[in-house]
Amino acid sequence: MKRRDFLQKTSVATGALTLSGFGLQSFSIPVKTSQITILHTNDVHSHIDVFGPEDGRNANKGGVARRASLIESIRRENPNTLLLDAGDIFQGTPYFNYYGGELEFKLMSMLKYDASTIGNHDFDNGIDGLYAQLPHAKFDFICSNYDFSNTIMDTHSKPYRVFKKDNIKIGVFGLGIELEGLVDKNMYKETKYLDPIETAQEMTRILKDDEACDLIICLSHLGYDFKENPNKISDLKLAAATKNIDLIIGGHTHTFLSKPTIVKNIEGKNMLVNQVGCYGINLGRIDFYFDSEKNKSAHGTSITV
Amino acid sequence: MAFKPFFFGLLLVFFFGCKEPHLYLTKIEGKQISISDSLSTNNEIEAFIKPYRSHIQKDLDSVLAYSAGTYTKSDGDFNTAIGNFMADAVFDEANPIFKKRTGKNIDMVLLNHGGIRSIMSKGNVTTRTAFELMPFENTLLVVEMKGTQMDSLIAYLSKSKKAHPISKLKLIIDTNFNVVEATINGKNIEDNNTYYVATNDYLFNGGDNMTFFKPNNSVHDLNYKIRNALIDHFKKVDTISPVRDDRFIQKTTKNN
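For the structure given in this document, a descriptive report is provided here. In this text, all values refer to a predicted model and were calculated from it rather than measured experimentally.

Definitions and cut-offs
Residues numbered from 1 in each chain as written. Chains lettered and ligands numbered in written order. Predicted model: local features only at pLDDT ≥ 70, side-chain atom pairs only at ≥ 80, totals over all residues. Heavy atoms only, no water. Helix = DSSP H or I, 4+ residues; strand = E, 2+ residues; numbered from the N terminus. Areas by Shrake-Rupley, 256 points an atom, 1.4 Å probe, with all protein chains shown as cover. Contact = heavy atoms within 4.5 Å. Buried area = accessible area lost by both parts, 1.4 Å probe. Salt bridge = Lys/Arg side-chain N within 4 Å of Asp/Glu carboxyl O. Polar contact = N/O pair within 3.5 Å; in protein donor to acceptor, adjacent residues only side chain to side chain. Buried < 20%, exposed > 50% of the residue type's maximum accessible area, 1.4 Å probe, protein only. Pairing = 2+ DSSP bridges. Right-handed = clockwise from strand over helix to strand, strands pointing away. Axes fitted to C-alpha atoms, helices over the stretch in contact; angles between N-to-C directions. Phe/Tyr/Trp six-rings, centres within 6.5 Å; stacked < 30°, edge-to-face > 60°. Parallel < 35°, antiparallel > 145°, perpendicular 65-115°, else oblique. Nonpolar A, V, L, I, M, F, W, Y, C, P; charged D, E, K, R; others polar. Core = buried A, V, L, I, M, F, W, Y, C linked by side-chain atoms within 4.5 Å. Expected span 1.5 Å × (residues − 1).

1. A word on the overall build of chain A
When helices and strands are counted, chain A shows ten helices and 14 strands. Of the roughly 13400 Å² of accessible surface on chain A, 51% is carried by carbon and sulfur atoms.

Shown next, in the form of structure tokens:
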């Protein structure tokens, strides 16, 4: 009885298959592609206005209103876009001194930032000063290696977040720099700093195995590289010591790169580390292309920078 | 029976045809886009910023005082007019706060030469001047120090070969940078006395190698930014005309 039903259904399916066209491929798996665009900034340091024409280094560069129009046009071209920041939003112009970061957060919300990690200068008005500005931020703060549980920031930052764009799951986690010796203890209070590599291992396990993410991005304020202090953890070190991270978006060292750096991770797979200087004078753009045809990826992922 | 696996195969195809196909990462492209004048300005954002900008500009450019001359931190070897001005201004503004809270007076002020971040130009002094002189958020602390700790502070200053701004301390060194005289309120520093030294959080925490403040359990945080002390001082005075004086000098004659 059951076997007969089964055979009948199968024959229907076969019939449909025959009617549908010329063979298996066109019916079964239509080729599907997807493009995810990641836009990023770091160390904007309250630079809201365009640099003046007299500026010695960055004349006529930057400006939030221009960044907004650029981001808008990229989103129009590809709605599957994430906008991220790697910390040090605060400190650097009187906008911060006068308004304590309110305008920075409001503008980032208007630009529809999806998430930011926390930089050392974001503690410049103390952890209470950061907390006080949170109502102005309509985006998430993601930091996986600061334990805020004994501070006012408890529950106000996330260890990771999974974004879904065009059915692609993008896992984002964040790493902050060691605050001791860099920021006055009175400012960060009982914030506990956790080891970045161990934290990254845990986060990538959760994002890859439990959340089944297709892409994993680390928002880092660790710094690109410390040549004079080779034992200090940096983005390049983190990249080489971990697996399953596709992109590290860095900050802190205000590093201007001519192009994103390709680094081999602990499994020998290529991944990217990027940072776009500082003060909002550049926007980083990384495009990830997905394809349902496995044979295309049989040769590995091609990286063009 | 022999064709059963074939049916299963068809079924799999059927089901997969209805589900989202798995996507594989095939290509990554990375680049950097310069935020330059070739980009258009988003008018909504610009309009949102405008009132904030106008308020800041107006406030920064409001005239608070007048500077009689142009003063720089390279004007003297051991003390400078601008450094004396800053240290004295900090004393004048911080001491009433400290006295009100503790009933005690600040005995001396110590800032650092590198902390003078710009010149002060002849002419109008504005809030912007305070931001230029002191762009950082450093706050004032008053540290309780024993006379023995003060010896380390004096030794640091005598060997530093820099005009670190001081107020209320008088220091004379010889040609070998040894201390000839160190007095506070005209009196020698006594080992067993307690001295209240106003400085900033950066120096208290060992900035500029000023390691003599620690260990210390008696620190009063005034929660008062140096920049705000300067702004408050500018508001109180009409004309700023500081001078280099004899608060820290080197005696070049051997017979003294």
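2. Observations concerning the interface of chain A and chain B
At the junction of the two partners, chain A supplies 76 residues and chain B supplies 48 residues. When the two sides are added together, the surface that chain A and chain B hide from each other amounts to roughly 5600 Å², 64% of it contributed by carbon and sulfur. Three residues stand out in chain A for area buried against chain B, namely Arg66, Tyr98 and Tyr289 of chain A, and they jointly supply 12% of the buried area on that side. Note that Arg53 of chain B and Asp49 of chain A form a salt bridge whose closest N and O atoms lie 2.6 Å from each other. Our count for the chain A to chain B interface comes out at 23 residue pairs in polar contact (both at pLDDT 80 or more).

3. Observations regarding the pairing of strand 1 (residues 33-41) of chain A
Residues and elements named next belong to chain A. The buried fraction of strand 1 amounts to seven of the nine residues, a majority that puts the element mostly inside the structure. Pairing geometry for strand 1 and strand 13 (residues 282-291), over eight bridges, is antiparallel. Across the sheet, Thr33 pairs through a bridge with Asp291, a residue of strand 13. Here strand 1 runs beside strand 2 (residues 81-85); their pairing, made up of five bridges, is parallel. What sits directly across from His40, in strand 2, is Leu84. Running through helix 3 (residues 64-77), the crossover from strand 1 to the neighbouring parallel element strand 2 is right-handed.

4. What about helix 6 (residues 126-133) of chain A?
Within helix 6 of chain A, burial applies to Gly126, Ile127, Gly129, Leu130 and Gln133 of chain A. Looking at the buried side of helix 6 of chain A, the elements it contacts are helix 4 (94-99), helix 5 (102-110) and helix 7 (185-188) of chain A.

5. What about the sheet that holds strand 12 (residues 239-240) of chain B?
Residues and elements named next belong to chain B. Taken in spatial order, the three strands make up an open sheet running 4-2-12, and their pairing is mixed. With partners counted over all chains shown, the strands left at the sheet margins are strand 4 (123-126) and strand 12, one partner each. Sheet topology places strand 2 (residues 63-67) next to strand 4; four bridges connect them, and they run antiparallel. Within strand 4, the residue paired with Tyr66 across the bridge is Asn124. The strands that helix 7 (residues 226-236) touches are strand 2, strand 4 and strand 12; relative to strand 2, the one it contacts most, it runs at about 75°.

6. A closer look at the packing of aromatic side chains
Scanning the entire structure with this criterion turns up 19 aromatic pairs over all chains. When the ring of Tyr98 of chain A is compared with that of Phe131 of chain B, the centres are 5.8 Å apart and the planes differ by 15°; the resulting orientation is stacked. In this pair, Tyr98 of chain A sits in helix 4 while Phe131 of chain B sits in helix 4 (residues 127-133), so the two residues belong to two different chains. Using a relative accessible area of 22% as the deciding quantity, one classes Tyr98 of chain A as partly exposed. Three or more aromatic residues joined by ring pairs form one cluster here, namely Phe90, Phe96, Phe105, Tyr113, Phe139 and Phe141 of chain A.

7. Considerations on the pattern of salt bridges
Throughout the structure, instances matching the rule amount to 21 salt bridges over all chains. Of the charged contacts, one joins Asp210 of chain A and Arg205 of chain A as a salt bridge, the two residues approaching to 3.6 Å between their closest N and O atoms. Here Arg247 of chain B and Asp245 of chain B are joined by a salt bridge, their closest N and O atoms 3.0 Å apart.

8. Focus: the sheet that holds strand 9 (residues 187-188) of chain B
Residue and element names in this part refer to chain B. If you walk across this open sheet you meet the four strands as 9-8-7-13, and the pairing is mixed. Only two strands of the sheet have a single partner each, and these edge strands are strand 9 and strand 13 (248-250). Bridge count between strand 8 (residues 179-184) and strand 9: two bridges; the pairing is antiparallel. Bridge pairing in strand 9 links Thr183 to Asn188.

9. Some words on the packing of helix 3 (residues 81-102) of chain B against helix 7 of chain B
Relative placement of two packed helices is described by the angle separating their axes and the distance separating the axes. All names here are of chain B. Orientation of helix 3 relative to helix 7, taken along the N-to-C sense of each, is 85°, at an axis distance of 9 Å. Here helix 3 lies roughly perpendicular to helix 7, going by the angle between them. In contact with Phe85, Met86, Ala89, Asp92 and Glu93 of helix 3, helix 7 contributes Ala229, Leu230, Asp232, His233, Phe234 and Lys236. Considered class by class, the residues forming the contact of helix 3 with helix 7 number six nonpolar, one polar and four charged.

10. Describing the nonpolar core
Membership of the largest hydrophobic core comes to 46 residues, with the highest contact counts inside it found for Phe105, Leu111, Ile118, Phe123, Phe141 and Leu283 of chain A together with Ile45 of chain B. Of all the elements in the fold, those that place two or more residues in this core are helix 3, helix 4, helix 5 and helix 6 of chain A together with helix 2 (43-60) of chain B. In terms of residue count, the dominant contributor to this core is helix 3 of chain A (six residues). Once residues lying within four places of it in the same chain are set aside, the contact partners of Phe105 of chain A are Ile89, Phe90, Leu130, Gln133, Leu134, His136, Ala137, Phe139 and Phe141 of chain A.

11. With respect to unusual backbone geometry
In this structure, the amide linkage connecting Lys214 of chain B to the following residue, Pro215 of chain B, adopts the cis form with an omega of 0°. With respect to the helices and strands, Pro215 of chain B occurs in the loop between helix 6 (201-204) and strand 11 (219-225). Look at His254 of chain A: it is not a glycine, yet its phi comes out positive at around 50°. Structurally, the position occupied by His254 of chain A is in the loop between strand 10 (247-249) and strand 11 (261-264). Exposure remark for His254 of chain A: the relative accessible area of 24% places this residue in the partly exposed category. A positive phi angle, close to 55°, is found at Lys161 of chain B, a residue other than glycine. Within the secondary structure, Lys161 of chain B sits in the loop between helix 5 (147-160) and strand 6 (166-167). Owing to a relative accessible area of 55%, Lys161 of chain B belongs among the exposed residues under this scheme.

12. Some points on helix 3 of chain A
For helix 3 of chain A, with 14 residues, the first-to-last C-alpha span of 20 Å sits near the 20 Å given by 1.5 Å per residue. Here helix 3 of chain A lies mainly inside the structure; ten of its 14 residues are buried. Considered for burial, the residues of helix 3 of chain A that qualify are Val64, Ala65, Arg66, Arg67, Ala68, Ser69, Leu70, Ile71, Ile74 and Arg75 of chain A. The inward-facing, buried residues of helix 3 of chain A abut strand 1, strand 2, helix 5 and strand 13 of chain A together with strand 1 (24-34) and helix 2 of chain B.

13. Concerning the environment of Leu70 of chain A
Along the chain, Leu70 of chain A falls in helix 3. Residue Leu70 of chain A is classed as buried on the basis of its relative accessible area, which comes to 8%. The spatial distance from the C-alpha of Leu70 of chain A to the C-alpha of Leu283 of chain A is 8.9 Å, given a sequence separation of 213 residues. Aside from chain neighbours lying at most four places away, what touches Leu70 of chain A is Leu283 of chain A together with Ile33, Ile35 and Leu39 of chain B.

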